[in-house]
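What follows is the residue order along each chain.
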Amino acid sequence: MMTELLGHTDAYLKKFKATVVAVDPDEKAVALDRTAFYPGGGGQPCDYGWLDERRVTKVKRQGQHIWHWLEGDLPAEGDTVHGKLDWDRRYKLMRTHTAFHILCGVVWRDYGAQVTGGNMDVLKGRMDFEFETLRKELVSEIEEKLNVEVAAARPVRVKILPRAEAFQIPDLIRTKINLLPEGITEVRTIAIEGLDLQADGGTHVANTREVGTITVAGYKSKGKINKRIELEIGD
Ligand SMILES: [Zn+2]
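Attention here is on the structure that accompanies the text. (Residues numbered from 1 in each chain as written. Predicted model: local features only at pLDDT ≥ 70, side-chain atom pairs only at ≥ 80, totals over all residues. Heavy atoms only, no water.)

**Considering the packing of aromatic side chains**
Aromatic ring pairs: the centre-centre distance and the angle between the two ring planes describe each pair.
Turning to step 1, where the next piece is worked out: Inspection of every chain in the model, using the stated rule, returns six aromatic pairs.
Turning to step 2, where the next piece is worked out: Between tyrosine 12 and tyrosine 91, the ring centres sit 6.5 Å apart and the planes meet at 55°, which makes this aromatic pair tilted. One end of the pair, tyrosine 12, is in the loop between strand E1 (4–5) and strand E2 (15–24); the other, tyrosine 91, is in helix H1 (residues 87–111), with 79 residues separating them in the sequence.
Turning to step 3, where the next piece is worked out: Owing to a relative accessible area of 27%, tyrosine 12 belongs among the partly exposed residues under this scheme. (Phe/Tyr/Trp six-rings, centres within 6.5 Å; stacked < 30°, edge-to-face > 60°. Helix = DSSP H or I, 4+ residues; strand = E, 2+ residues; numbered from the N terminus. Buried < 20%, exposed > 50% of the residue type's maximum accessible area, 1.4 Å probe, protein only.)

**A short note on the pairing of strand E6 (residues 54–62)**
Turning to step 1, where the next piece is worked out: In this structure, strand E5 (residues 49–51) lies alongside E6, joined through three bridges in antiparallel fashion. The residue bridging tryptophan 50 from the neighbouring strand is arginine 55, located in E6.
Turning to step 2, where the next piece is worked out: Taken together, the six bridges between E6 and strand E7 (residues 65–70) define a ladder with antiparallel strand orientation. Along E7, the bridge assignment pairs valine 59 with histidine 68.
Turning to step 3, where the next piece is worked out: The antiparallel pairing of E6 with E7 creates a hairpin that spans two residues between the two strands, and glycine 63 there sits at a positive phi of about 65°. (Pairing = 2+ DSSP bridges.)

**A closer look at helix H2 (residues 138–151)**
Turning to step 1, where the next piece is worked out: Helix length check: H2 (14 residues) gives 20 Å between terminal C-alpha atoms against 20 Å at 1.5 Å per residue, within 8%.
Turning to step 2, where the next piece is worked out: Downstream of H2 by one or two residues, alanine 153 has phi in the positive range, about 50°. (Expected span 1.5 Å × (residues − 1).)

**Looking at the sheet that holds E2**
Turning to step 1, where the next piece is worked out: If you trace the six strands once around the closed barrel, you get E2-E3-E7-E6-E5-E8, paired in antiparallel fashion. Across this sheet, the average inter-strand angle for adjacent strands is 45°, counted without regard to direction.
Turning to step 2, where the next piece is worked out: The pairing of E5 with strand E8 (residues 80–85) spans three bridges and is classified as antiparallel. Residue pairing across strands places glycine 49 opposite leucine 85, the latter belonging to E8. (Axes fitted to C-alpha atoms, helices over the stretch in contact; angles between N-to-C directions.)

**Some remarks on the coordination of the zinc ion**
Turning to step 1, where the next piece is worked out: The protein atoms that coordinate the zinc ion are His97 (NE2), His101 (NE2), Asp200 (OD) and His204 (NE2), at distances spanning 1.9 to 2.0 Å.
Turning to step 2, where the next piece is worked out: One way to put it: the four donor atoms around the zinc ion meet at angles of 97 to 126°, and that makes the site tetrahedral.
Turning to step 3, where the next piece is worked out: Site description for the zinc ion: donor spacing in sequence, H-x3-H-x98-D-x3-H. We note that aspartate 200, like histidine 204, is buried. (Donors = N, O, S within 2.8 Å, 3.2 Å for Na, K, Ca; no water. Tetrahedral: all angles 85-135°; square planar, octahedral: opposite > 155°, others 65-115°.)

**Brief notes about the sheet that holds strand E14 (residues 213–221)**
Turning to step 1, where the next piece is worked out: Pairing is antiparallel across the open sheet formed by four strands, whose spatial order is E9-E10-E15-E14. Edge positions in the sheet fall to strand E9 (114–121) and E14, since each of these pairs with one other strand and no more. Sheet twist, expressed as the average angle between the axes of neighbouring strands with direction ignored, equals 20°.
Turning to step 2, where the next piece is worked out: Sheet topology places E14 next to strand E15 (residues 226–234); eight bridges connect them, and they run antiparallel. Within E15, the residue paired with threonine 215 across the bridge is glutamate 232.

**A word on the environment of alanine 29**
Turning to step 1, where the next piece is worked out: Relative to the helices and strands, alanine 29 resides in strand E3 (residues 29–32).
Turning to step 2, where the next piece is worked out: Residue alanine 29 is classed as buried on the basis of its relative accessible area of 1%.

**Looking at the side chain of histidine 97**
Turning to step 1, where the next piece is worked out: Inspection of the secondary structure assignment puts histidine 97 in helix H1.
Turning to step 2, where the next piece is worked out: Accessibility expressed as a relative area gives 3% for histidine 97, which makes it buried.

What follows is the structure, encoded as structure tokens:
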């Protein structure tokens with residue numbers, strides 16, 4: 001059975017109850033029937049937290065299951081456990097992740113440049129673009145635009161669409177939705193109202209004003225076309 005990802009529809013869920021469906025004593029990890037822990041992916045690192053009193057030190061998807069690596073003794077298959085996220089870390093990751101959607105949206109809207117990749121950590125990260133015209137002089141202009149979008153308090157919405165419907169939306173096609181595996185029948189999308197739309201499995205805040213202050217902390221040319229923008233998020 002596939003682990004149900006509770007964060008897919010409620011990113012603000014901090015605690016949950018679940019059943020252990022598999023135990024791996026060698027790895028010191030357990031799989032649950034449902035979880036609010038984010039397993040990592042799409043550039044967003046996994047969550048930490050607790051299952052009852054045991055610390056969760058790593059979370060990862062393997063096949064159908066989401067595995068939780070634990071400190072201390074392991075619960076048994078069939079046991080009920082109470083999960084609790086390290087919310088301070090997760091909420092900062094939600095703010096950081098949303099800041100990068102704002103960056104994507106602004107850079108596409110105002111400069112027509114596409115994202116090629118990215119990675120994030122707590123309150124910082126980087127994103128790479130096919131952005132030939134990016135120059136150092138543009139950095140402060142971009143930073144200002146990002147913070148305008150934060151102040152605009154745009155709602156951020158999760159929507160799950162049938163695959164065929166998602167494939168009709170130009171904004172989604174641009175973000176390489178075509179790379180989704182054949183078997184996937186539904187596409188989870190994240191929309192920042194009036195700014196950005198992406199197919200995405202990560203966790204985000206519900207409104208851009210929750211992000212805080214965005215600083216462009218670095219800019220690197222990775223060649224004629226490819227440019228990297230680094231962000232830091234503050235209160
Ligand atoms: Zn995202």
